[in-house]
Amino acid sequence: MENTLNRYCTECNAITDHREKGLRGTVTICDVCDTTNSPVTIVKENGGTLRGSLVKFVEFEGDAIGSRAKQLHDEPQVGFSCVLDPQYAAYTWLTTPIKEIESDITNGSIRTIAFKTQNSNYTLYIVTP
């Protein structure tokens, strides 16, 4: 039996209905365009979309480039960087520190966070079960 879920679809550039596939429901497929989507999507305003399974916000020990990570957080905060799929000494994407959180809206199971860094503007879509 398939479940219908709301997810951000990178191909449709919208929140659409998705169906789960796989034994553990780890893959979701858009009902509109059949694109596979992950529970976390980060969209860079001037181009680029990345998907992952986990997002955290990293606090650094200092402000200098190359500072060591101090702690990972579940919630965004000004001064933290957004990291997609953090692993030991590796990640899919790491932003520069957040300068402003423009909005943080939860609608059902979808959380949308819009934020600015020194270099770019981002929209982060997080789907919770």
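Provided above is the structure to which this section pertains.
Residues numbered from 1 in each chain as written. Predicted model: local features only at pLDDT ≥ 70, side-chain atom pairs only at ≥ 80, totals over all residues. Heavy atoms only, no water.

**Q** Describe the side chain of E59, naming the residues involved and giving the relevant values.
**A** Of note, E59 is situated in strand β7 (residues 55-60). In this view, E59 contacts A69, K70, Q71, H73 and F80; residues no more than four positions away in its chain are not counted. (Helix = DSSP H or I, 4+ residues; strand = E, 2+ residues; numbered from the N terminus. Contact = heavy atoms within 4.5 Å.)

**Q** How would you explain the sheet that holds strand β6 (residues 49-52) if you had to name every residue and give the values?
**A** On the basis of which strands lie adjacent, the open sheet formed by five strands has the order β6-β5-β13-β12-β11 and antiparallel pairing. Of all the strands in the sheet, just β6 and β11 (98-107) have a single pairing partner and so form its edges. Across the sheet, the axes of successive neighbouring strands diverge by a mean angle of 15 degrees, strand direction being ignored. Relative to β6, strand β5 (residues 40-44) is paired through four bridges, and the arrangement is antiparallel. Looking at β6, one finds that V40 is bridged to G52. (Pairing = 2+ DSSP bridges. Axes fitted to C-alpha atoms, helices over the stretch in contact; angles between N-to-C directions.)

**Q** Pulling in residues and values, what's your account of the nonpolar core?
**A** Generally speaking, nonpolar side chains in soluble globular proteins are found buried as a group. If you look at the biggest cluster of nonpolar residues, it comprises 13 residues, and the most contacted ones within it are I42, V55, F57, C82, F115 and L124. Taken together, the elements giving at least two residues each to this core come down to β5, β7, β9 (81-84), β12 (110-117) and β13 (121-127). Top element by residues in this core is β13. It accounts for three residues. Ignoring any residue separated from it by four or fewer positions in sequence, one finds V55 in contact with V40, C82, V83, L124 and I126. (Core = buried A, V, L, I, M, F, W, Y, C linked by side-chain atoms within 4.5 Å. Buried < 20%, exposed > 50% of the residue type's maximum accessible area, 1.4 Å probe, protein only.)

**Q** Break down the state of the cysteines for me, citing the residues and quoting the values.
**A** Covalently bonding the sulfur atom of one cysteine to the sulfur atom of another cysteine gives a disulfide. A full pass over the atoms with the stated rule returns zero disulfides. Distance from the sulfur of C30, which forms no disulfide, to the nearest cysteine sulfur (C9) is 3.8 Å. A residue is classified by how much of its surface remains accessible, and C30, at 0% relative accessible area, is buried. (Disulfide = S-S within 2.5 Å.)

**Q** Which residues make up the pairing of strand β1 (residues 4-9), and what values do they have?
**A** Where β1 and strand β2 (residues 14-21) come together, six bridges link them in antiparallel fashion. Looking across to β2, one finds that T4 is bridged to R19. Counted between consecutive antiparallel strands, the loop separating β1 from β2 contains four residues, among which N13 sits at a positive phi close to 55 degrees.

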